[in-house]
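Report on the structure
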Amino acid sequence: MTRSDRPVVLVLGGTTEGREVAAALAARDDVRPITSLAGRLSRPGAVDGEVRTGGFGGTDELVEWIAEHEVEVVADVTHPFATGISANAARACAKAGVPLIALRRPGWTATAGDDWHPAADLADAASQVASLGRRVLLAIGRQEVAAFAGVDDAWFLLRAIDPPDPPLPRHHELLLARGPFALQEERTLLREHAIDVVVTKDSGGDATRAKLDAARELGLPVLVVRRPPAPQGDGITTVATTDELVGAVADAVMRT
Ligand code: NAP
(Lines give C-alpha, C1' and ligand atoms only; values in the text may rest on other atoms or scores of the structure.)
Protein backbone atom coordinates (compact mmCIF):
# COMPACT_ATOMS: atom_id res chain seq x y z
CA MET A 1 0.00 0.00 0.00
CA THR A 2 1.52 3.37 -0.96
CA ARG A 3 1.18 6.25 1.46
CA SER A 4 -1.55 7.94 -0.55
CA ASP A 5 -3.60 4.69 -0.69
CA ARG A 6 -3.65 4.32 3.06
CA PRO A 7 -6.89 5.06 4.89
CA VAL A 8 -6.79 8.56 6.37
CA VAL A 9 -7.19 8.89 10.14
CA LEU A 10 -7.90 12.41 11.43
CA VAL A 11 -6.26 12.78 14.84
CA LEU A 12 -7.69 15.71 16.80
CA GLY A 13 -4.69 16.54 18.99
CA GLY A 14 -3.05 19.37 20.88
CA THR A 15 -2.01 17.12 23.77
CA THR A 16 0.93 14.93 24.79
CA GLU A 17 -1.33 11.94 24.14
CA GLY A 18 -2.16 13.29 20.67
CA ARG A 19 1.55 13.31 19.84
CA GLU A 20 1.90 9.74 21.13
CA VAL A 21 -1.00 8.56 18.98
CA ALA A 22 0.34 10.38 15.91
CA ALA A 23 3.74 8.75 16.41
CA ALA A 24 2.22 5.28 16.82
CA LEU A 25 -0.02 5.64 13.75
CA ALA A 26 2.71 7.23 11.61
CA ALA A 27 4.92 4.20 12.34
CA ARG A 28 2.30 1.84 10.85
CA ASP A 29 2.01 1.12 7.13
CA ASP A 30 -1.76 0.57 7.11
CA VAL A 31 -2.98 4.10 7.99
CA ARG A 32 -2.20 7.73 7.10
CA PRO A 33 -2.62 9.95 10.18
CA ILE A 34 -3.29 13.68 9.79
CA THR A 35 -3.10 15.49 13.12
CA SER A 36 -5.24 18.57 13.60
CA LEU A 37 -4.04 21.33 15.94
CA ALA A 38 -6.12 24.32 17.01
CA GLY A 39 -3.20 26.66 16.33
CA ARG A 40 -3.21 28.25 19.78
CA LEU A 41 0.53 27.79 20.45
CA SER A 42 3.30 29.91 18.95
CA ARG A 43 5.61 26.87 18.89
CA PRO A 44 3.63 23.62 18.83
CA GLY A 45 5.70 20.56 19.73
CA ALA A 46 6.90 18.26 16.94
CA VAL A 47 4.24 15.84 15.66
CA ASP A 48 4.98 12.75 13.53
CA GLY A 49 3.07 12.42 10.28
CA GLU A 50 1.04 15.12 8.55
CA VAL A 51 -0.32 18.12 10.44
CA ARG A 52 -3.03 20.66 9.67
CA THR A 53 -3.60 23.74 11.83
CA GLY A 54 -6.57 25.93 12.80
CA GLY A 55 -10.27 25.53 13.53
CA PHE A 56 -12.45 23.91 10.89
CA GLY A 57 -15.14 26.59 11.22
CA GLY A 58 -17.77 24.46 12.98
CA THR A 59 -19.47 21.10 12.71
CA ASP A 60 -20.66 21.35 9.11
CA GLU A 61 -17.24 22.49 7.95
CA LEU A 62 -15.68 19.54 9.79
CA VAL A 63 -18.11 17.23 7.97
CA GLU A 64 -16.93 18.79 4.69
CA TRP A 65 -13.27 18.41 5.66
CA ILE A 66 -13.83 14.74 6.47
CA ALA A 67 -15.45 14.14 3.07
CA GLU A 68 -12.90 16.17 1.10
CA HIS A 69 -9.95 14.36 2.68
CA GLU A 70 -11.62 10.93 2.55
CA VAL A 71 -11.18 10.47 6.29
CA GLU A 72 -12.17 6.94 7.32
CA VAL A 73 -11.74 7.23 11.10
CA VAL A 74 -11.55 10.18 13.49
CA ALA A 75 -9.55 9.91 16.73
CA ASP A 76 -10.41 12.49 19.40
CA VAL A 77 -7.26 12.87 21.50
CA THR A 78 -7.98 16.42 22.63
CA HIS A 79 -7.79 17.63 26.22
CA PRO A 80 -10.71 16.67 28.52
CA PHE A 81 -11.49 20.39 28.97
CA ALA A 82 -11.60 21.01 25.19
CA THR A 83 -15.30 20.24 25.02
CA GLY A 84 -16.07 22.41 21.98
CA ILE A 85 -14.01 20.42 19.51
CA SER A 86 -15.04 17.09 21.07
CA ALA A 87 -18.73 17.99 20.71
CA ASN A 88 -18.15 19.10 17.11
CA ALA A 89 -16.33 15.85 16.37
CA ALA A 90 -19.16 13.76 17.83
CA ARG A 91 -21.78 15.59 15.74
CA ALA A 92 -19.65 15.66 12.58
CA CYS A 93 -18.80 11.96 12.70
CA ALA A 94 -22.46 11.06 13.24
CA LYS A 95 -23.40 13.19 10.19
CA ALA A 96 -20.57 11.87 8.04
CA GLY A 97 -21.10 8.25 9.10
CA VAL A 98 -17.46 7.94 10.15
CA PRO A 99 -16.39 6.07 13.30
CA LEU A 100 -15.11 8.22 16.17
CA ILE A 101 -12.64 6.76 18.66
CA ALA A 102 -12.28 9.04 21.68
CA LEU A 103 -9.63 8.95 24.36
CA ARG A 104 -11.46 9.73 27.59
CA ARG A 105 -8.57 9.45 30.00
CA PRO A 106 -9.74 8.95 33.58
CA GLY A 107 -9.53 11.87 35.98
CA TRP A 108 -7.02 11.80 38.82
CA THR A 109 -7.96 10.22 42.15
CA ALA A 110 -6.63 11.32 45.53
CA THR A 111 -4.46 8.93 47.51
CA ALA A 112 -3.58 8.84 51.22
CA GLY A 113 -1.90 12.10 52.21
CA ASP A 114 -3.46 14.20 49.45
CA ASP A 115 -5.25 17.39 50.57
CA TRP A 116 -7.50 18.03 47.59
CA HIS A 117 -10.32 20.55 47.41
CA PRO A 118 -12.86 20.25 44.58
CA ALA A 119 -13.87 23.27 42.51
CA ALA A 120 -16.90 23.17 40.23
CA ASP A 121 -15.18 25.37 37.64
CA LEU A 122 -12.45 28.00 37.35
CA ALA A 123 -14.65 30.77 38.82
CA ASP A 124 -15.28 28.57 41.86
CA ALA A 125 -11.54 27.85 42.14
CA ALA A 126 -10.83 31.61 42.01
CA SER A 127 -13.33 32.24 44.81
CA GLN A 128 -11.71 29.57 47.03
CA VAL A 129 -8.01 29.96 46.36
CA ALA A 130 -7.05 32.71 48.84
CA SER A 131 -8.70 30.78 51.68
CA LEU A 132 -6.24 27.92 51.07
CA GLY A 133 -2.99 29.80 50.50
CA ARG A 134 -1.28 33.03 49.47
CA ARG A 135 1.38 31.75 47.03
CA VAL A 136 -0.34 29.88 44.24
CA LEU A 137 0.98 27.65 41.47
CA LEU A 138 -1.67 28.22 38.80
CA ALA A 139 -1.22 25.36 36.35
CA ILE A 140 -4.36 25.54 34.22
CA GLY A 141 -2.90 26.48 30.83
CA ARG A 142 -2.98 29.94 29.30
CA GLN A 143 -6.53 30.41 28.09
CA GLU A 144 -8.53 30.92 31.28
CA VAL A 145 -6.17 32.65 33.71
CA ALA A 146 -8.46 35.71 33.53
CA ALA A 147 -10.83 33.89 35.91
CA PHE A 148 -8.26 34.72 38.65
CA ALA A 149 -7.75 38.37 37.64
CA GLY A 150 -9.83 39.68 40.53
CA VAL A 151 -7.90 37.78 43.22
CA ASP A 152 -5.71 40.51 44.73
CA ASP A 153 -4.91 38.86 48.07
CA ALA A 154 -2.68 36.10 46.66
CA TRP A 155 0.47 35.89 44.52
CA PHE A 156 0.40 33.63 41.47
CA LEU A 157 3.08 31.69 39.65
CA LEU A 158 1.42 31.42 36.22
CA ARG A 159 2.78 28.39 34.37
CA ALA A 160 1.82 28.00 30.72
CA ILE A 161 3.41 27.17 27.36
CA ASP A 162 2.69 30.64 25.95
CA PRO A 163 1.86 33.88 27.82
CA PRO A 164 -1.72 33.76 29.15
CA ASP A 165 -4.49 35.93 27.78
CA PRO A 166 -5.15 39.06 29.89
CA PRO A 167 -6.46 40.23 32.28
CA LEU A 168 -4.05 38.59 34.73
CA PRO A 169 -3.98 38.63 38.54
CA ARG A 170 -2.34 41.77 39.92
CA HIS A 171 0.46 39.90 41.77
CA HIS A 172 2.07 37.30 39.54
CA GLU A 173 5.17 35.93 37.89
CA LEU A 174 5.07 34.18 34.54
CA LEU A 175 6.80 30.85 33.98
CA LEU A 176 6.77 29.64 30.37
CA ALA A 177 7.27 25.89 30.32
CA ARG A 178 5.97 22.84 28.47
CA GLY A 179 5.23 19.50 30.14
CA PRO A 180 5.66 16.68 30.78
CA PHE A 181 7.18 17.62 34.16
CA ALA A 182 9.14 15.23 36.40
CA LEU A 183 8.54 14.89 40.15
CA GLN A 184 11.97 16.30 41.05
CA GLU A 185 11.35 19.42 38.92
CA GLU A 186 7.96 19.96 40.50
CA ARG A 187 9.30 19.52 44.04
CA THR A 188 12.04 22.08 43.34
CA LEU A 189 9.58 24.51 41.75
CA LEU A 190 7.18 24.40 44.69
CA ARG A 191 9.98 24.85 47.22
CA GLU A 192 11.87 27.60 45.38
CA HIS A 193 8.75 29.73 45.00
CA ALA A 194 7.44 28.91 48.50
CA ILE A 195 4.17 27.79 46.93
CA ASP A 196 1.47 27.03 49.51
CA VAL A 197 -1.43 26.01 47.23
CA VAL A 198 -1.66 24.43 43.78
CA VAL A 199 -4.55 24.94 41.33
CA THR A 200 -5.06 22.41 38.56
CA LYS A 201 -7.71 21.15 36.17
CA ASP A 202 -8.58 17.47 36.64
CA SER A 203 -6.80 16.68 33.40
CA GLY A 204 -5.85 13.09 34.21
CA GLY A 205 -2.95 11.33 32.49
CA ASP A 206 0.73 11.20 33.40
CA ALA A 207 2.15 14.26 31.61
CA THR A 208 1.18 16.78 34.29
CA ARG A 209 0.40 14.70 37.38
CA ALA A 210 3.83 15.06 39.08
CA LYS A 211 2.77 18.40 40.61
CA LEU A 212 0.11 16.50 42.58
CA ASP A 213 2.69 14.05 43.92
CA ALA A 214 5.03 16.91 44.82
CA ALA A 215 2.17 18.77 46.58
CA ARG A 216 1.34 15.64 48.60
CA GLU A 217 4.99 15.22 49.64
CA LEU A 218 5.11 18.84 50.81
CA GLY A 219 1.68 18.67 52.50
CA LEU A 220 0.19 21.38 50.25
CA PRO A 221 -3.51 21.79 49.45
CA VAL A 222 -4.56 21.36 45.82
CA LEU A 223 -7.65 22.93 44.25
CA VAL A 224 -8.83 20.48 41.60
CA VAL A 225 -11.21 21.88 38.97
CA ARG A 226 -13.83 19.30 38.00
CA ARG A 227 -13.85 18.35 34.34
CA PRO A 228 -16.86 19.11 32.16
CA PRO A 229 -18.93 16.15 30.92
CA ALA A 230 -17.63 14.56 27.71
CA PRO A 231 -19.99 14.44 24.72
CA GLN A 232 -21.85 11.16 24.39
CA GLY A 233 -23.17 9.50 21.24
CA ASP A 234 -24.06 6.14 19.77
CA GLY A 235 -21.24 5.98 17.26
CA ILE A 236 -18.46 6.86 19.73
CA THR A 237 -16.02 4.22 20.91
CA THR A 238 -14.34 5.44 24.10
CA VAL A 239 -10.98 4.16 25.33
CA ALA A 240 -8.86 5.04 28.35
CA THR A 241 -5.28 4.76 27.02
CA THR A 242 -3.37 5.71 23.88
CA ASP A 243 -2.48 2.03 23.25
CA GLU A 244 -6.17 1.12 23.30
CA LEU A 245 -6.92 4.02 21.00
CA VAL A 246 -4.35 2.94 18.41
CA GLY A 247 -5.73 -0.63 18.56
CA ALA A 248 -9.31 0.64 18.17
CA VAL A 249 -8.31 2.81 15.20
CA ALA A 250 -6.65 -0.17 13.50
CA ASP A 251 -9.79 -2.30 14.09
CA ALA A 252 -12.06 0.46 12.76
CA VAL A 253 -9.93 0.92 9.64
CA MET A 254 -10.13 -2.82 8.92
CA ARG A 255 -13.93 -2.69 9.16
CA THR A 256 -14.38 0.35 6.86
P1 NAP B 1 -12.28 23.97 22.50
O2 NAP B 1 -12.81 25.02 23.38
O3 NAP B 1 -12.86 22.61 22.56
O4 NAP B 1 -12.36 24.40 20.97
C5 NAP B 1 -12.79 25.67 20.52
C6 NAP B 1 -12.61 25.67 19.02
O7 NAP B 1 -11.22 25.60 18.67
C8 NAP B 1 -13.23 24.46 18.34
O9 NAP B 1 -14.62 24.62 18.13
C10 NAP B 1 -12.42 24.40 17.06
O11 NAP B 1 -12.81 25.42 16.18
C12 NAP B 1 -11.05 24.77 17.53
N13 NAP B 1 -10.24 23.60 17.91
C14 NAP B 1 -9.98 23.11 19.14
N15 NAP B 1 -9.16 22.06 19.09
C16 NAP B 1 -8.90 21.86 17.78
C17 NAP B 1 -8.10 20.93 17.08
N18 NAP B 1 -7.37 19.98 17.72
N19 NAP B 1 -8.05 21.03 15.73
C20 NAP B 1 -8.75 22.00 15.06
N21 NAP B 1 -9.51 22.90 15.68
C22 NAP B 1 -9.58 22.84 17.02
O23 NAP B 1 -10.70 23.80 22.67
P24 NAP B 1 -9.70 24.53 23.67
O25 NAP B 1 -10.05 24.16 25.06
O26 NAP B 1 -9.57 25.94 23.26
O27 NAP B 1 -8.35 23.76 23.30
C28 NAP B 1 -7.68 24.03 22.09
C29 NAP B 1 -6.64 22.95 21.87
O30 NAP B 1 -5.74 22.94 22.96
C31 NAP B 1 -7.23 21.55 21.75
O32 NAP B 1 -6.65 20.92 20.63
C33 NAP B 1 -6.85 20.87 23.06
O34 NAP B 1 -6.58 19.49 22.89
C35 NAP B 1 -5.61 21.64 23.49
N36 NAP B 1 -5.50 21.75 24.95
C37 NAP B 1 -6.51 22.31 25.66
C38 NAP B 1 -6.40 22.39 27.05
C39 NAP B 1 -7.51 22.97 27.88
O40 NAP B 1 -7.35 23.02 29.11
N41 NAP B 1 -8.64 23.40 27.31
C42 NAP B 1 -5.26 21.90 27.67
C43 NAP B 1 -4.24 21.34 26.90
C44 NAP B 1 -4.37 21.27 25.53
P45 NAP B 1 -13.83 25.19 14.97
O46 NAP B 1 -15.19 25.10 15.60
O47 NAP B 1 -13.61 26.39 14.12
O48 NAP B 1 -13.45 23.92 14.27
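1. Remarks on the pattern of salt bridges
- Applying the stated criterion to the full structure yields 13 salt bridges.
- With its nearest N and O atoms 2.7 Å apart, the salt bridge here joins Asp165 to Arg142. Here Asp165, found in the loop between strand 8 (155–160) and strand 9 (172–176), pairs with Arg142, found in the loop between strand 7 (135–139) and strand 8; they are 23 residues apart in sequence, far enough to count as distant.
- Residue Asp165 is classed as partly exposed on the basis of its relative accessible area of 31%.
- Residue Glu186 is joined to Arg159 by a salt bridge in which the shortest nitrogen-to-oxygen separation is 2.8 Å. With a gap of 27 residues between them, Glu186 in helix 5 (residues 183–192) and Arg159 in strand 8 connect regions that are remote in the sequence.
- The exposure class of Glu186 is buried, given its relative accessible area of 2%.
- Taken together, the shared-partner salt bridges connect Asp114, Arg209, Asp213 and Arg216 into one network.

2. Some remarks on helix 6 (residues 210–218)
- For helix 6, the full list of buried residues reads Ala210, Lys211, Leu212, Asp213, Ala214 and Ala215.
- Note on helix 6: the residue one or two positions beyond its end, Gly219, has a positive phi of about 70°.

3. A few points about the site of the ligand
- By nearness alone, 23 residues border the ligand, and Ser36, Phe56, Gly57, Gly84 and Lys201 come closest of all.
- At 2.8 Å, a backbone N or O of Gly57 approaches an oxygen atom of the ligand.
- Relative to its unbound accessible area of 800 Å², the ligand is 77% covered by the protein chains.
- Broken down by secondary-structure element, the contributors of at least two residues to the shell around the ligand are strand 2 (32–37) and helix 3 (83–96).
- Top contributing element to the shell around the ligand by residue count: helix 3, with four residues.
- Partitioned by chemical class, the residues of the shell around the ligand number six nonpolar, 14 polar and three charged.

4. Considering the layout of surface pockets
- Within this model, the second largest pocket holds a volume of roughly 200 Å³.
- Forming the boundary of the second largest pocket are Thr16, Glu17, Glu20, Leu103, Arg105, Pro106, Gly205, Asp206, Ala207, Ala240, Thr241 and Thr242.
- Residue contributions to the lining of the second largest pocket peak at three residues, all from helix 1 (residues 16–26).
- Looking at the lining of the second largest pocket, its residues break down into four nonpolar, four polar and four charged.

5. Topic: the environment of Thr200
- With respect to the helices and strands, Thr200 occurs in strand 10 (residues 197–201).
- In this structure Thr200 comes out as buried when scored by relative accessible area, which is 1%.
- Along the sequence, Thr200 and Ile140 sit 60 residues apart, while their C-alpha atoms lie 5.4 Å from each other.
- A distance of 3.4 Å separates the side chain of Thr200 from the side chain of Lys211, its partner in a polar contact.

Quick notes on the rules
Residues numbered from 1 in each chain as written. Predicted model: local features only at pLDDT ≥ 70, side-chain atom pairs only at ≥ 80, totals over all residues. Heavy atoms only, no water. Salt bridge = Lys/Arg side-chain N within 4 Å of Asp/Glu carboxyl O. Helix = DSSP H or I, 4+ residues; strand = E, 2+ residues; numbered from the N terminus. Buried < 20%, exposed > 50% of the residue type's maximum accessible area, 1.4 Å probe, protein only. Near = heavy atom within 4 Å. Polar contact = N/O pair within 3.5 Å; in protein donor to acceptor, adjacent residues only side chain to side chain. Areas by Shrake-Rupley, 256 points an atom, 1.4 Å probe, with all protein chains shown as cover. Nonpolar A, V, L, I, M, F, W, Y, C, P; charged D, E, K, R; others polar. 1 Å grid on protein atoms, 1.4 Å probe; cavity = no way out; pocket = protein on both sides within 12 Å on 5 of 7 lines; lining within 4 Å. Points joined across faces, edges and corners; volume = space filled by probe spheres on them.

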